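Each chain, written out:
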Amino acid sequence: MRHFCEPGVTEYAEKTDTYAAISIQDTYGGGFGFELKKNKYCKDVLTLYFDDIEEPEHGLRLISFPQAIAIVKFIKAHSEDVDTLLIHCFAGVSRSRAVGAFAREVLDIPPTDETDYNEYVYAILHRVWKELNK
């Protein structure tokens, strides 16, 4: 994204990139304490609350089917109207990487060799994708 720059850069790039953001936040503690907002560059935000688990665990919440449907529809809705799809979670490793790997596949973007992601999130997104595309 051209309007973000590396630390220490004193000349800023022209602010022209647009993006849509999927923000995955933890259920315990009420999330991160902030939410991304739509603005001139951020065309849409989908904020979801589920935890980084792959099987039920007391006090934590798995991604739900309605949340997976929301992610799939969000990706489809913004596949051509923004420059960048921003996906983040607390550590930016497991949940967001699963959503990113799924998005790369459905948007026909070449995969990376990174395979360390939340397999439950990845699987439920594929299940929803198949159901919606019957």
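Just above sits the structure.
In this report, we go over the structure that sits alongside the text. (Residues numbered from 1 in each chain as written. Predicted model: local features only at pLDDT ≥ 70, side-chain atom pairs only at ≥ 80, totals over all residues. Heavy atoms only, no water.)

With 25 residues, the main nonpolar core has Ile22, Ile63, Ile71, Ile75, Val99, Val121 and Leu125 as its most contacted residues. Sorting the residues of this core by element identifies strand S1 (19–25), strand S2 (42–49), helix H1 (65–77), helix H2 (95–106) and helix H3 (119–132) as the ones contributing at least two each. Here Val99 is in contact with Ile22, Ile24, Ile71, Ile75, Ile87, Val121 and Leu125, once residues within four sequence places are set aside. Formed by five residues, the second largest nonpolar core is a distinct cluster that contains Tyr19, Ala21, Tyr41 and Val45. (Core = buried A, V, L, I, M, F, W, Y, C linked by side-chain atoms within 4.5 Å. Buried < 20%, exposed > 50% of the residue type's maximum accessible area, 1.4 Å probe, protein only. Helix = DSSP H or I, 4+ residues; strand = E, 2+ residues; numbered from the N terminus. Contact = heavy atoms within 4.5 Å.)

Turning next to the packing of aromatic side chains. By the definition in use, this model includes three aromatic pairs. Seen in terms of ring centroids, Tyr117 and Tyr122 are 4.8 Å apart; in terms of plane orientation they differ by 40°. Their pairing is tilted. (Phe/Tyr/Trp six-rings, centres within 6.5 Å; stacked < 30°, edge-to-face > 60°.)

Looking now at the side chain of Ser23. For Ser23, the location among the structural elements is in strand S1. Polar contacts involving the side chain of Ser23 include one to the side chain of Gln25, which spans 3.2 Å. Not counting chain neighbours up to four residues away, the residues in contact with Ser23 comprise Phe32, Leu36, Leu46, Thr47, Leu48 and His88. (Polar contact = N/O pair within 3.5 Å; in protein donor to acceptor, adjacent residues only side chain to side chain.)

Tallied over the full model, the rule gives two salt bridges. Measuring nitrogen to oxygen at the nearest pair gives 2.8 Å for the salt bridge that ties Asp26 to Arg95. Separated by 69 residues along the polypeptide, Asp26 in the loop between S1 and S2 and Arg95 in helix H2 bring together distant segments of the chain. The class of Asp26 is buried, set by a relative accessible area of 7%. (Salt bridge = Lys/Arg side-chain N within 4 Å of Asp/Glu carboxyl O.)

Another point: the packing of H1 against H3. The axes of two packed helices give the description: the angle between them and the distance between them. Put simply, H1 and H3 touch, their axes get as near as 9 Å, and they point 70° apart. Comparing their axes, H3 and H1 come out roughly perpendicular. Handedness of the H1/H3 crossing: right-handed. For the pair formed by H1 and H3, the contact residues are Phe65, Ala68, Ile69, Ile71, Val72 and Lys76 on the first element and Ile124, Leu125, Arg127, Val128, Trp129 and Leu132 on the second. Of the residues that constitute the contact of H1 with H3, the class distribution is ten nonpolar, no polar and two charged. (Axes fitted to C-alpha atoms, helices over the stretch in contact; angles between N-to-C directions. Parallel < 35°, antiparallel > 145°, perpendicular 65-115°, else oblique. Left-handed = near helix turned anticlockwise from the far one by under 90°. Nonpolar A, V, L, I, M, F, W, Y, C, P; charged D, E, K, R; others polar.)

Before going further, it helps to spend a moment on the packing of H2 against H3. Here H2 crosses H3 at 35°, and the two axes come no closer than 8 Å. The crossing of H2 and H3 is right-handed. In this structure, H2 contributes Arg95, Ala98, Val99, Ala101, Phe102, Glu105 and Val106 to the contact, and H3 contributes Val121, Tyr122, Leu125, His126 and Trp129. Broken down by class, the residue content of the contact of H2 with H3 amounts to nine nonpolar, one polar and two charged.

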